Each structure stands twice: as structure tokens, then as C-alpha cells.
Amino acid sequence: MEYKIKEYYKILFALPHPLLLGLANIAILSLILISLGLDLFLFSIYLIYITILGFFLFIIAQALKSPLKKIKRILGTLLIYNTYVTIVYLVSSIMLSKIYAFSLASISGSSIIISLLFGIHDIRKTTIISISMYGTLLFIHAIILGLPPIYSLASILSIISYGMAIYMFLRRYKVNAHNIVELGGLFLLNWLDKRRDIERVFLDLSTITNVSPHIMYCNDIAFIYPDIHFGPFDNVGSSSFPRIIEELLRNNYETIVFHGMGSHDRNIASYKVAEYYAKMIVDSIKKNRGTDVYPGIPFRVKYRDWDILVVPFTQVTLVFLSRPRKGIDDLPYSVQEYAFSKSLTRNQNPVLLIDCHNREMEEDIDINEVLEAIDLVIDKLVKENLGYTTIYKIGKSSIDVTGSLPGVLGPIRVVILDIKGVKVALVYIPGNNMEPGVRDKIISIVKQKNIDYVEVLTNDEHTETGIIAGAAYIPVKDNPRLYSIIEKLVDGALKDLSPRKLKYTSFSVKLDLMASGAWKLAGILEKVFKKTIIIELSYLLAAPLLTGLCYLLVGPS
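Each chain has its residues counted from 1, running along the sequence as written. Residues qualify for local features only when their pLDDT is at least 70, as the model is predicted, and side-chain atom pairs are given and counted only at 80 or more; totals for whole chains, interfaces and linings, by contrast, use all residues. Side-chain metrics rest on all non-hydrogen atoms present in the structure, leaving aside hydrogens and water.

Caption draft 1: Looking closely at the nonpolar core. Core analysis: the largest hydrophobic core is formed by 75 residues, its most contacted members being Tyr-46, Leu-53, Tyr-81, Ile-113, Tyr-134 and Ile-180. The leading source of residues in this core is helix α16 (residues 516–554), at twelve residues. Whether two residues are in contact is decided by their heavy atoms, any of which lying within 4.5 Å being enough. Leave out the neighbours within four places in its chain, and Ile-113 touches Leu-53, Leu-57, Thr-77, Tyr-81, Met-133 and Tyr-134. For the purposes of this section, nonpolar cores are sets of buried Ala, Val, Leu, Ile, Met, Phe, Trp, Tyr and Cys residues that join through side-chain atoms within 4.5 Å. Only protein chains enter the calculation, and the probe is 1.4 Å; a residue is then buried if its accessible area is under 20% of its type maximum, exposed if over 50%, and partly exposed in between. Only DSSP runs of H or I reaching four residues or more are called helices, and only runs of E reaching two or more are called strands; each is numbered from the N terminus.

Caption draft 2: Spatial organisation of the packing of aromatic side chains. Within 6.5 Å between ring centres, the rings of Phe, Tyr and Trp (the latter by its six-membered ring) count as paired, and their orientation is classed by plane angle as stacked under 30 degrees, edge-to-face over 60, tilted in between. This model, assessed by the stated rule, comprises nine aromatic pairs. Plain terms: the ring middles of Phe-169 and Tyr-173 are 6.0 Å apart, the flat faces sit at 80° to each other, and that makes the pair edge-to-face. Given the relative accessible area of 32%, Phe-169 is considered partly exposed. By relative accessible area, Tyr-173 is classed as buried at 9%. Aromatic side chains Phe-258 and Phe-320 sit 5.6 Å apart centroid to centroid with 75° between the ring planes, which places their arrangement in the edge-to-face category. With Phe-258 in the loop between β6 (254–257) and α11 (271–286) and Phe-320 in strand β10 (residues 317–322), this residue pair connects regions lying 62 residues apart in the sequence. Through pairs of rings, three or more aromatic residues link up here, namely Tyr-46, Tyr-49 and Phe-102.

Caption draft 3: Representation of the packing of helix α6 (residues 123–145) against helix α7 (residues 149–170) in the model. Each axis is a line fitted through C-alpha atoms, and for a helix only the stretch in contact is used; angles between axes span 0 to 180 degrees, taken between their N-to-C directions. Closest axis-to-axis distance for the α6/α7 pair is 8 Å, and the angle between their directions is 160°. When the axis of α6 is compared with that of α7, the two are roughly antiparallel. In this structure, α6 meets α7 at a crossing whose hand is right-handed. From α6, Ile-123, Thr-127, Ser-130, Ile-131, Tyr-134, Gly-135, Leu-138, Phe-139, Ala-142 and Ile-143 reach across to α7, where they touch Pro-149, Ser-152, Leu-153, Ile-156, Leu-157, Ile-160, Met-164, Tyr-167 and Met-168. Residues were grouped as follows: Ala, Val, Leu, Ile, Met, Phe, Trp, Tyr, Cys and Pro as nonpolar; Asp, Glu, Lys and Arg as charged; and all remaining residues, including Gly, as polar. Residues of the contact of α6 with α7, tallied by class, amount to 15 nonpolar, four polar and no charged. For classification purposes, angles smaller than 35 degrees are called roughly parallel, those larger than 145 roughly antiparallel, those between 65 and 115 roughly perpendicular, and all remaining angles oblique. In a left-handed crossing the near helix is turned counterclockwise from the far helix by less than a right angle, and in a right-handed crossing that turn is clockwise.

Caption draft 4: Broad picture of the sheet that holds strand β11 (residues 351–355). Pairs of strands are assigned from DSSP output, requiring at least two bridges between the strands. Read from one edge to the other, the open sheet built from four strands follows the order β8-β9-β10-β11, with strand pairing classed as mixed. Two strands lie at the open edges of the sheet, namely β8 (299–303) and β11, each paired on one side alone. When strand polarity is set aside, the average angle formed by the axes of neighbouring strands in this sheet is 25°. In this structure, β10 lies alongside β11, joined through five bridges in parallel fashion. In the sheet register, Phe-320 faces β11, and the bridge partner there is Ile-354.

Caption draft 5: Expanded view of the environment of Arg-439. Along the polypeptide, Arg-439 turns up in helix α14 (residues 438–447). When the C-alpha atoms of Arg-439 and Thr-126 are compared, they prove to be 51 Å apart, with 313 residues separating the residues in sequence. Look past the residues within four positions of Arg-439 in its chain and what remains in contact with it is Arg-300, Asp-307, Ser-322, Pro-324, Asn-358, Met-434, Glu-455 and Val-456.

Caption draft 6: Region of interest: the packing of helix α4 (residues 98–108) against α6. Following both chains from N to C, one finds α4 and α6 inclined at 175°, their axes separated by 12 Å at the closest point. Comparing their axes, α6 and α4 come out roughly antiparallel. Judged by residue contacts, Ile-99, Phe-102, Ser-103, Ser-106 and Ile-107 of α4 engage Leu-138, His-141 and Leu-145 from α6. Residue composition of the contact of α4 with α6, grouped by class: five nonpolar, three polar and no charged.

Caption draft 7: Spotlight on the pairing of strand β18 (residues 509–513). By the alternation rule, side chains of β18 split into Val-509, Leu-511 and Leu-513, which are all buried, and Lys-510 and Asp-512, of which none is buried. Alignment of strand β3 (residues 207–211) against β18, held across five bridges, turns out to be antiparallel. The partner of Thr-207 across the bridge, within β18, is Leu-513.

Caption draft 8: Quick look at α11. With 16 residues, α11 should reach 22 Å at 1.5 Å per residue; the first-to-last C-alpha distance of 22 Å fits that figure. Of all the residues in α11, the buried ones are Tyr-271, Val-273, Ala-274, Tyr-277, Ala-278, Ile-281, Val-282, Ser-284 and Ile-285. Remark: Asn-288 follows α11 within two positions and exhibits a positive phi of approximately 60°. Each helix should span, by expectation, one fewer than its residue count multiplied by 1.5 Å.

Caption draft 9: Quick look at α16. In this model α16 runs 53 Å from its N-terminal to its C-terminal C-alpha over 39 residues, within 8% of the 57 Å that 1.5 Å per residue would give. To get the bend at a given residue, fit one axis to the seven residues ending there, fit another to the seven starting there, and take the angle between those axes. At Val-528, α16 is bent by approximately 35°, the largest bend along its length.

Caption draft 10: Here's a closer look at the sheet that holds strand β13 (residues 411–419). Taken in spatial order, the five strands of this open sheet run β15-β14-β13-β12-β16, and their pairing is mixed. Because the sheet does not close on itself, it has two edges, and the strands there are β15 (453–458) and β16 (498–499). As paired strands, strand β12 (residues 392–400) and β13 are joined by nine bridges and run antiparallel to one another. In the strand pairing of β13, Lys-396 is matched with Val-415. Most of the contacts of helix α15 (residues 480–496) go to β12, to which it runs at about 145°, and overall it touches β12, β13, β14 (422–429) and β16.

Caption draft 11: Inspection of the pairing of β6 at higher detail. Alternating residues of β6 divide into Glu-254 and Ile-256 and Thr-255 and Val-257, and every residue in both groups is buried. Here four bridges tie strand β5 (residues 221–225) to β6, and the two strands are oriented parallel to one another. In the sheet register, Phe-223 faces β6, and the bridge partner there is Ile-256. Handedness rule for crossovers: strands pointing away from the viewer, path from the first strand over the helix to the second running clockwise, crossover right-handed. Each parallel crossover has a hand, and the one from β5 via helix α10 (residues 241–249) to β6 is right-handed.

Next comes the structure, spelled out in C-alpha cells:
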């Protein structure tokens with residue numbers, strides 16, 4: 001699947017504190033005053049003009065419940081507006097007199113506001129708002145400057161018409177009944193206001209799919225393999241699924257939520273469905289469903305780029321996939337289907353593949369290589385004496401460092417299993433992948449505690465995906481404090497080692513998954529993303545030309 005869904009996550013800028021925005025606006029206004037040759041009359045007109053414009057935008061935003069309803073966003077919009085006007089004025093003043101260059105720049109700036117409104121509202125609302133707001137503003141503006149009102153009105157109508165033409169052109173690009181302009185607006189609503197309106201698109205594109213969670217738990221620890229992907233971004237779909245589970249089990253269980261196979265095609269289409277599914281899983285734990293399960297001796301398989309930890313149990317085998325040198329990212333669900341089929345064919349317990357997501361991917365993955373590695377794992381399961389035992393110990397330790405370590409989005413946990421004297425440690429860090437080398441350092445630290453096998457995993461939750469300026473996400477960073485915390489957690493888990501009785505349960509449920517709809521969205525976004533940027537830039541460049549043309553046709557003689 002070659003579509004790059006992360007293109008959808010790219011944000012051009014993030015707004016700083018309102019005070020900084022205010023200072024930036026003062027700085028750019030000072031530049032405008034200087035460029036006007038300290039003409040206080042024109043500058044006063046412009047100051048009144050943008051004040052009324054900001055007030056209009058605020059009132060309209062409140063009435064329509066638009067994302068612009070916050071003062072911070074109005075200030076950010078005006079900063080862009082003022083910067084654009086300054087550039088246009090400096091260029092046009094080379095060819096026109098000061099007053100006409102000033103008028104042209106002020107009128108052309110409407111393209112900034114109109115393009116923003118078209119991105120948030122439908123064509124009808126945007127057209128009515130733009131004509132009424134700018135028609136009034138520019139009519140008064142023209143009278144004060146002694147320019148023909150028809151010049152201002154013709155200019156704004158031409159700019160609005162051009163914007164409408166772009167809007168209608170982009171609307172041709174659709175996924176089912178949903179056009180690219182609608183998708184962009186819904187994404188903005190989510191990014192700015194955390195509204196989940198975009199889920200109606202996901203649900204429309206979703207496919208009802210059978211999902212089978214696998215759950216192992218004792219009285220105070222829960223291992224959950226939910227058979228879904230935690231995406232697509234922010235607070236929509238199943239992005240926050242591990243956190244939902246965490247909250248539901250917080251007071252009684254230390255939870256580790258595994259990242260299985262599959263990518264955005266395994267996203268649950270809405271938060272409500274994800275919450276419903278999480279409650280089903282938690283309910284099966286709290287009602288003590290399931291049968292006793294016993295561990296066998298863990299082992300490693302190394303094949304080409306792959307380093308694989310295998311922890312067998314009497315009901316299911318956990319297989320942790322890492323790619324230490326080249327990174328790993330969302331293996332296709334067909335790999336899990338292959339592992340299930342192969343293990344059952346060889347009369348083995350179902351093999352659950354876990355994507356450890358512990359190094360950012362630097363080279364594409366050869367899927368055939370993955371399948372060959374799985375074959376080797378299953379061959380070894382067939383040949384080895386796995387030494388299942390009813391006598392084992394488990395120890396746990398955790399600390400919540402949410403917000404204090406870059407890339408770490410929840411409590412870090414270490415769980416240690418002692419199986420006939422063979423110790424295996426799982427270091428669980430909620431987050432979206434890791435910087436190169438972090439896994440290796442953690443493993444080195446943990447092994448110094450006489451641990452035989454160590455694996456490090458992030459859960460790839462997408463709660464901070466697509467909301468960060470200039471980046472798709474922040475991986476877990478190389479940080480001395482992180483290593484110090486993990487060392488203490490290992491000590492705590494070793495001290496906590498004690499006999500515990502694990503139970504295993506699984507069930508099937510049909511859920512709305514994004515399935516091929518995820519790739520349809522990614523495809524249309526990849527197709528239109530660069531084209532949209534070019535078209536928007538052309539609109540901003542065309543506005544002064546349209547205004548200049550109107551000046552030639554109906555301006556002062």
C-alpha cells in the first residue's frame with residue numbers, strides 16, 4: 001500500500017500564545033506604518049479596517065460555531081492577513097501611487113479570509129458572509145479614500161468568484177459522496193476544536209469486519225491483543241484505544257495493550273464504537289471469563305533484519321517482531337492471517353504477531369522476508385520442547401511520566417515473567433515508535449539485571465498524531481532520564497516477582513473498521529495534496545492581479 005496517509009497529518013503552522021501573536025501583529029503593523037511613509041491618516045484607516053474585520057470574524061464565528069471563535073485564532077488570521085497586505089503593498093507601490101497601492105493591498109487581502117472561510121464553511125455560507133462583510137467594509141473604505149465604490153465592489157466580487165471557481169474545481173475530487181474540500185474542513189474542525197464530525201466520513205467508508213481480541217490476565221495484570229490499529233489520529237476512531245482500556249482498568253490492573261498487524265485499514269471508524277469494544281474486553285476480564293493458561297520457555301529467532309522474541313503459552317503463542325537496524329511500521333494484516341493459518345496447519349497454538357514498533361522505519365520492509373521468519377518461528381515451535389509449566393512467577397512495576405518525557409504518552413511499565421528460572425522482561429512505553437538506538441540501550445540496561453530475554457515495545461497510539469506542527473508524530477526520544485526510570489522499574493518488577501495465575505480468553509465481534517476506505521482516503525489526499533497547495537497559492541497571487549484589473553477597468557480615470 002503505497003499511499004502516504006501521513007500527508008494528511010502535515011500542519012503548516014501552530015499558533016503560539018495570544019500575547020506573542022499580539023506582539024507579532026504590532027511588529028507587522030509597525031512595518032506597514034513605516035512602508036506608508038509614516039502616513040498616520042492611511043495607517044489609521046487601515047487600523048480601523050482590520051479592527052472591524054477582526055470583530056466581524058469573531059461575531060460570525062460565534063454565530064456559526066466556527067473554529068475561528070477563539071481570539072487566538074482571530075489574531076493568527078490577522079497576522080497572516082497583515083503580512084500578506086504588507087508584501088502586496090510594497091510590490092504594488094513600485095508601480096502605483098501610495099493611496100492606490102494601499103487600496104489594492106487591502107482589497108487583495110480579502111483572498112486570505114475568503115480561502116479560509118471556504119475551507120471551513122460551505123460555498124453558500126462563505127459567499128453570503130464574504131459579500132456582506134467585505135461589501136460593507138470596502139464600500140466605506142472606498143468612500144473614505146475617495147475612490148469609486150464600484151472599484152471596490154467589482155474587485156471583491158471578482159476575488160469571491162475566483163474563490164468559488166477553485167472551490168467547485170476541488171469538489172470534483174471525491175471519495176464516495178465526500179469531496180476533498182469537505183474532508184479538509186472536517187479535519188480542521190477536529191484539529192482546532194477536537195470535534196469528531198469527520199467520523200461520519202469514516203463510518204460511511206467503513207466495512208463491518210470480524211475482530212478477535214485475545215486477552216491474558218491475572219488478578220492485577222492484563223495483556224490485551226485487540227486485533228485493531230490505534231488510529232487514524234488525535235481523538236477520532238480508535239486512536240486513543242489503549243488509553244480507554246487504561247482508564248477502564250486503572251484502579252485494578254496494570255495493562256499492556258499490544259500492537260498487532262495491520263495499519264489504518266484496522267482502525268475502528270468511530271470513537272463510540274472503540275469505546276464499546278473496549279468495554280467488551282474489560283467486561284470479559286472483570287467477569288473472570290476464560291481458562292487457565294501456562295507459559296513455556298521463551299526463545300529468540302534471528303533472521304536477516306528481524307529479531308523475534310517468542311513466548312509460548314498453552315493456549316496461544318506471543319511473537320514479538322522487531323527490526324533493530326532498519327525500523328518497523330505497521331505490517332499488513334495479511335501477515336497475521338498467514339501466521340494463524342500456518343500455525344494451525346502445523347497443529348500449533350494460534351500465533352499472535354506483535355509489532356513492537358520500537359524503531360522508526362528507515363527502509364521499506366520485504367514482506368516475503370517476514371513470512372520466511374514466521375516459518376522459522378513455527379518450525380521451532382514444532383521441534384522444541386517448550387516446557388510448559390504451572391509454576392511460574394510474574395512481577396510488575398510502573399510509573400506515569402505522561403507529559404514529562406518527549407514521545408511518552410502514558411505510564412511506562414515493566415513486566416517480568418520467571419519461567420523455570422528463565423526471565424523475560426517486557427518494557428512497555430505508550431507512544432508512537434522510537435528513535436534509532438533507544439531499544440538497544442534499554443535492552444542493554446535491562447540485561448544487566450540478569451534478565452535472559454528483553455523486548456521493548458510502544459503501542460503506536462495515535463493520540464498525538466496529526467496535531468503537532470511540522471511533524472506527523474513525536475517518537476520516544478533518546479533520554480537519560482528514560483533509562484534511569486526503566487532501570488528502577490526493572491528493580492521494582494524483580495522485587496514484585498511472585499506466583500500469579502494467568503487466564504486466557506478470546507471472543508469475536510463485528511466492528512466498523514475503515515478497511516479499504518482508509519486507502520481510498522489516502523489515495524485522494526495524495527492525489528490532491530500538492531495540487532491544492534499550488535491552487536491556493538495561485539489564488540493569493542491572483543487576487544492583486546484581479547484587483548489591479550478592476551482598477552484599470554472601473555477605477556479612477
